[in-house]
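# Topology and contacts: notes
Listed below are the residues making up each chain.
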Amino acid sequence: LLRSIIPKDELDREKKETLSMIEMQDDSIFDHGQRLLKETLFKKHSYRLQALGKKKSLENISRSDLLDLLKNVSSPKNMVIGICGDIDIAGLKPVIVKDFSNIPLKKSALNTQKKEGPVKSRRELTIDIDKAQSLILIGYHGIDIYTKDRAAFEVMVDMLGSESGVIFENIRGKNGLSYAQGAFDVKGIDPGYLAIYVLTKRENVNKVKDMLFKEIDSFKNKAISQEDMVRSKSHLKSTRMMDIEADSEFIFLTSLDELYGIGYDDYLGYND
């Protein structure tokens, strides 16, 4: 981290592997659809960009670019060290001080994001690809990780997308029109997005799309049962418990929460 040299042969190999991944990314109808959804939802913010990058931008990255970026990122003001497991804390602290105390204390010089404006009218994009199945994705601007209603938002998404949710029950359960369906949200330090999806036959696309919007309107306007609410809360709590059983997942969550100013111990209040 502090004395990286980024050897040219390793950089070339990494670029080659990433280029292969870029070429393959549209083989998955879901990955392809999600990428197009982000491009449609976001016109300014970098959420619109593909994490892997594009061929041209990747080829233009130099070794000096990466060294400069690493220098900017590796600042104590921009860093959290997370360690968990069966460890000797007293013995570990001197090692951390020795290895990390000489990092120059400077402000991280990363680019700031452009603010995304509201979606004022429906944006639609239809892409015809050679696949046996068709994917419908409906997206909305979402919330950021600091929103006080974050837990309520998670419950709402679960109620929309779970196997006991309204989309599963009506589109698949009653009408048998989907292979898969659900909802998910992506949150960040800037407001992310909510996506609702259905995988169906090509000839059913218009019918299912109309049904989806009706289900969303119905969900917004009708009373939500206490039973459904309790089921979703229980599902979220049990999923979170399983997610952080592994040391790697636990430390990833707590370190990011600390880095973003939420606090490493935020997970303790999740069930409440």
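No experiment lies behind these values; they were computed from the predicted model shown.

### A few points about the overall build of the chain
Counting its regular elements, the chain contains 10 helices and three strands. Starting at the N terminus and ending at the C terminus, the chain contains elements arranged as α-α-α-α-α-β-α-α-β-β-α-α-α. Overall, the chain is about 65 × 45 × 35 Å in size when its C-alpha atoms are taken along their principal axes. Here the chain, with 272 residues, has 29% of them falling under the buried criterion. Per element, the accessible surface of the chain, about 18,300 Å² overall, is 53% carbon and sulfur. Measuring between centres, the 42 positive side-chain charges of the chain sit 7 Å from its 43 negative side-chain charges.

### Quick notes on the nonpolar core
With 22 residues, the main nonpolar core has Leu160, Ile167, Ile171, Ile196, Val198, Val208 and Leu212 as its most contacted residues. Among the secondary structure elements, those contributing two or more residues to this core are strand 1 (133-141), helix 6 (150-161), helix 7 (166-174), strand 3 (193-201) and helix 8 (205-221). When residues no more than four places from it in sequence are discounted, the contact partners of Leu160 are Gly165, Val166, Ile167, Ala183, Ile196 and Phe219. Core analysis: the second largest hydrophobic core is formed by nine residues, Leu37, Phe42, Leu137 and Tyr197 among them.

### Here's the deal with unusual backbone geometry
Positive phi outside glycine occurs at Ile6, with the angle close to 45°. Residue placement: Ile6 occurs in the segment before helix 1 (8-24).

### Regarding the packing of helix 7 against helix 8
Relative to each other, helix 7 and helix 8 sit at 145°, their axes nearing to 10 Å. The interaxial crossing formed by helix 7 with helix 8 has right-handed handedness. Residues Val166, Ile167, Asn170 and Ile171 of helix 7 pack against Val208, Met211, Leu212, Glu215 and Phe219 of helix 8. Each residue belonging to the contact of helix 7 with helix 8 can be placed in one class, and the counts come to seven nonpolar, one polar and one charged.

### Some remarks on the sheet that holds strand 2 (residues 180-186)
Reading across from one edge, 1-3-2 is the order of the three strands in this open sheet, with antiparallel pairing throughout. The sheet terminates laterally at strand 1 and strand 2, the two strands that pair on one side only. Neighbouring strand axes in the sheet, compared pairwise and without regard to direction, differ in orientation by 15° on average. This element, helix 2 (residues 29-41), spans strand 1, strand 2 and strand 3 of the sheet and lies at about 35° to strand 1. In the packing of helix 8 onto the sheet, contacts are made with strand 1 and strand 3, and the angle to strand 1 comes to roughly 30°.

### Here's the deal with helix 8
Here helix 8 contains 17 residues, and its C-alpha end-to-end distance of 24 Å stays within 8% of the 24 Å for a straight helix at 1.5 Å per residue. Structurally, helix 8 contributes buried residues whose contacts are with strand 1, helix 6, helix 7 and strand 3.

### What to know about the pairing of strand 3
Burial analysis of strand 3 places eight of its nine residues in the buried class, which makes it a mostly covered element. Across nine bridges, strand 1 lies against strand 3 in antiparallel orientation. Paired with Ile138 across the two strands is Ile196, which belongs to strand 3. Both strand 2 and strand 3 contribute to a ladder of seven bridges, which runs antiparallel. Within the sheet, the bridge partner assigned to Gln181 lies in strand 3 and is Val198.

### Some details on the confidence of the model for the chain
For the chain, per-residue confidence averages 90 on the pLDDT scale, and residues scoring 70 or more make up 100% of the total. For the chain, the element scoring lowest by mean pLDDT is helix 7, at 77; helix 10 (residues 247-259) scores highest, at 96.

### A look at the environment of Lys56
With respect to the helices and strands, Lys56 occurs in helix 3 (residues 55-60). Overall, Lys56 belongs to the exposed group, its relative accessible area being 64%.

Cut-offs and rules
Residues numbered from 1 in each chain as written. Predicted model: local features only at pLDDT ≥ 70, side-chain atom pairs only at ≥ 80, totals over all residues. Heavy atoms only, no water. Helix = DSSP H or I, 4+ residues; strand = E, 2+ residues; numbered from the N terminus. Buried < 20%, exposed > 50% of the residue type's maximum accessible area, 1.4 Å probe, protein only. Areas by Shrake-Rupley, 256 points an atom, 1.4 Å probe, with all protein chains shown as cover. Lys, Arg positive; Asp, Glu negative; His and termini not counted. Charge placed at Lys NZ, Arg CZ, Asp CG, Glu CD. Core = buried A, V, L, I, M, F, W, Y, C linked by side-chain atoms within 4.5 Å. Contact = heavy atoms within 4.5 Å. Axes fitted to C-alpha atoms, helices over the stretch in contact; angles between N-to-C directions. Left-handed = near helix turned anticlockwise from the far one by under 90°. Nonpolar A, V, L, I, M, F, W, Y, C, P; charged D, E, K, R; others polar. Pairing = 2+ DSSP bridges. Expected span 1.5 Å × (residues − 1). pLDDT = per-residue confidence, 0-100.

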